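A look at the structure
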Amino acid sequence: MNPSADVVVVGGGAVGCSVAYHAARRGARVVLLEAETVGSGASGAAAGMLAAQAEARGPDSFLDLLLEGRKMHRKLGAELYEVTGLDAEYVWEGTLRVALSEAHAKDLSEALRWQREAGLSARWLDGAEVRELEPALSAGISGALYLPEDGQVNSPRLVRALALAAARNRAEVSEGEPASGLIRQRNRIAGVRTARREIAAGSVVVCGGVASGTLARHLGIRLPVAPVKGQILSVETITPPITSNVWDEECYLVPKRDGRVIVGATEEPGTHDRRPTLGGVAGLSGAAIGLLPHLARRPFAGAWGGLRPGTPDGRPLIGPAGDPEGLLIATGHYRNGVLLAPITGDAVSALALGEQPAVDLSPFSPLRFEGQR
Ligand code: GLY
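A brief structural summary. Per-chain numbering applies: the sequence of each chain, read as written, is numbered from 1 onward. For a predicted model such as this one, the threshold for reporting local features is a pLDDT of at least 70, and the threshold for listing and counting side-chain atom pairs is 80 or more; totals across whole chains, interfaces and linings nevertheless cover every residue. The basis for every side-chain value is the complete set of heavy atoms in the structure, and neither hydrogens nor water enter the calculation.

**Here we look at the pairing of strand β6 (residues 143–147)**
In terms of residue burial, β6 counts as a mostly covered element, since five of its five residues are buried. Burial classification: accessible surface area is computed with a 1.4 Å probe over protein chains only, and a residue below 20% of its type maximum counts as buried, one above 50% as exposed, and the rest as partly exposed. We count a stretch as a helix when DSSP gives it H or I for four or more residues in a row; a strand needs E for two or more, and each element gets its number in order from the N terminus. Burial along β6 is two-sided: the face carrying Gly143, Leu145 and Leu147 and the face carrying Ala144 and Tyr146 are both buried. At least two bridges found by DSSP between two strands is the condition for calling them paired. In the sheet, strand β4 (residues 95–99) pairs with β6 via five bridges, with the strands oriented antiparallel. In the strand pairing of β6, Leu96 is matched with Tyr146. Judged from the four bridges that link them, strand β5 (residues 123–126) and β6 form a sheet pairing that is antiparallel. Note that in β6 the partner of Trp124 across the bridge is Leu145.

What follows is the structure, given as structure tokens:
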């Protein structure tokens, strides 16, 4: 079989579209196969927080990857705008991790300690300072960990911009075309099969998000990816009453440039049903109003759910699948697919084309759970 693509990407979420864009920008012939439409999975549902520091649990290789993702996002917006004319609506106003209880304040001050020791920008604000920065927030907030370098983006728009930027770099982006099997030649990948064609390829990258486990089984490999449902609400305002991402133990609020305040998110393992529930909407609404009382008087604009691709240790699966050679995995990004999309896309497209990735991917090897099953 003569390769008709250098790289076939399976899955058109933020990560898949980013792999396709970065590979196409490197001059590769790329085909992206998406079973439904680009952004129809978790990244289309996401609130779009780029909260590298707020998501991190300690100074380790995962923090480094999150920070690298955030750094790349700082340049990506302008780059995508130049290539596509689409504005992904980045906002760089930081994250406030607010405390409503003593116990939570203690956890946050521990996070402040290690973040400062790691040389990151982080500050403690007392209640008065929190309300000076965000006057509409509840008087019940006793303090907050302020992470000024975090940001946010309109995630569905980002996915569209990445897909379009890939297409502008001559990638073929095919919607409604699921991959149905891998083509192997001895121990090497030779391509991908769909219902209507065979695509010969040098490398294949599986970026199927929560569908990766099932997809992998169809393709004859095993991946430990399981859904963790997140429900999200949207509230309409004219000018959002907050500027930064605001996050307590019950919910987070993300003020969008178009006036919406996005309220997220539940964490519900063990279901494939994406639909929002009354309990989910009630819990998030109560928590959001508790943080930002103004929201009680604003129109409810909708609720939806997404399925985060969870892994046993909450970290992504990025790198070679081992067997067959040339098969790469970029999935399991759990809470951080949007944030990590640029660095994963850049690193995996380098691997796919036989180059050295700019970051060490060994801590995220998809093979790290082998022998544990
Ligand atoms: N990235 C936030 C969430 O997954 O809810």
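**A short note on the nonpolar core**
Put simply, buried Ala, Val, Leu, Ile, Met, Phe, Trp, Tyr and Cys residues joined by side-chain atoms within 4.5 Å make one nonpolar core. Ranked by size, the top nonpolar core spans 71 residues in total, and within it Val7, Val9, Val30, Leu80, Leu158, Val205 and Tyr252 carry the most contacts. Here, two residues are considered to be in contact whenever any of their heavy atoms come within 4.5 Å of each other. When near neighbours in sequence (up to four residues on either side) are disregarded, Tyr252 contacts Ala47, Met49, Ile232, Val246, Trp247, Ile262, Val263, Gly264, Ala265 and Arg335. Membership of the second largest hydrophobic core comes to 24 residues, among which are Leu33, Val192, Leu219 and Val225.

**A closer look at the packing of helix α1 (residues 14–25) against helix α10 (residues 337–352)**
Orientation of α1 relative to α10, taken along the N-to-C sense of each, is 35°, at an axis distance of 8 Å. Between α1 and α10 lies a crossing of right-handed hand. Counting all contacts with α1, which are made through Ala14, Val15, Ser18, Val19, His22 and Ala23, the residues of α10 involved are Gly337, Val338, Ala341, Pro342, Thr344, Gly345, Asp346, Val348 and Ser349. Polar here means any residue outside two lists: the nonpolar Ala, Val, Leu, Ile, Met, Phe, Trp, Tyr, Cys and Pro, and the charged Asp, Glu, Lys and Arg; Gly therefore counts as polar. Its residues placed into classes, the contact of α1 with α10 shows eight nonpolar, six polar and one charged. With axes taken as lines fitted to C-alpha atoms, and helix axes fitted only over the stretch in contact, angles between N-to-C directions fall between 0 and 180 degrees. Each crossing gets its hand from how the near helix is turned against the far one by less than a right angle, where anticlockwise is left-handed and clockwise is right-handed.

**Overview of the packing of α1 against helix α4 (residues 61–84)**
Helix packing geometry: the angle between the two helix axes and the distance between the axes. Contact geometry for α1 and α4: axes closest at 14 Å, N-to-C directions at 70°. Put simply, α1 runs roughly perpendicular to α4. Between α1 and α4, the residues in contact are Tyr21, His22 and Arg25 and Met72, Leu76, Glu79 and Leu80, respectively. Residues that form the contact of α1 with α4 fall into these classes: four nonpolar, one polar and two charged. What sets the label is the angle itself: under 35 degrees gives roughly parallel, over 145 gives roughly antiparallel, 65 to 115 gives roughly perpendicular, and the rest give oblique.

**Describing the site of the ligand**
Throughout, near means a residue has at least one heavy atom within 4 Å of the molecule or strand. Contacts to the ligand come from Glu55, Tyr252, Ala265, Arg308 and Arg335. Definition of a polar contact: a pair of N or O atoms within 3.5 Å, with one able to donate and the other able to accept a hydrogen when the atoms are protein atoms, and with sequence-neighbouring residues admitted only if both atoms are side-chain atoms. Contact between the ligand and Arg308: an oxygen atom at 2.7 Å from a side-chain N or O atom of the residue. With respect to the ligand, the backbone of Arg335 contributes an N or O atom lying 2.7 Å from a nitrogen atom. When isolated, the ligand has an accessible area of 190 Å², and the protein chains bury 86% of it. Of the residues in the shell around the ligand, the class split is two nonpolar, no polar and three charged. Exposure was quantified through the Shrake-Rupley algorithm and a 1.4 Å probe, taking into account, for residues, occlusion by the shown protein chains and nothing else.

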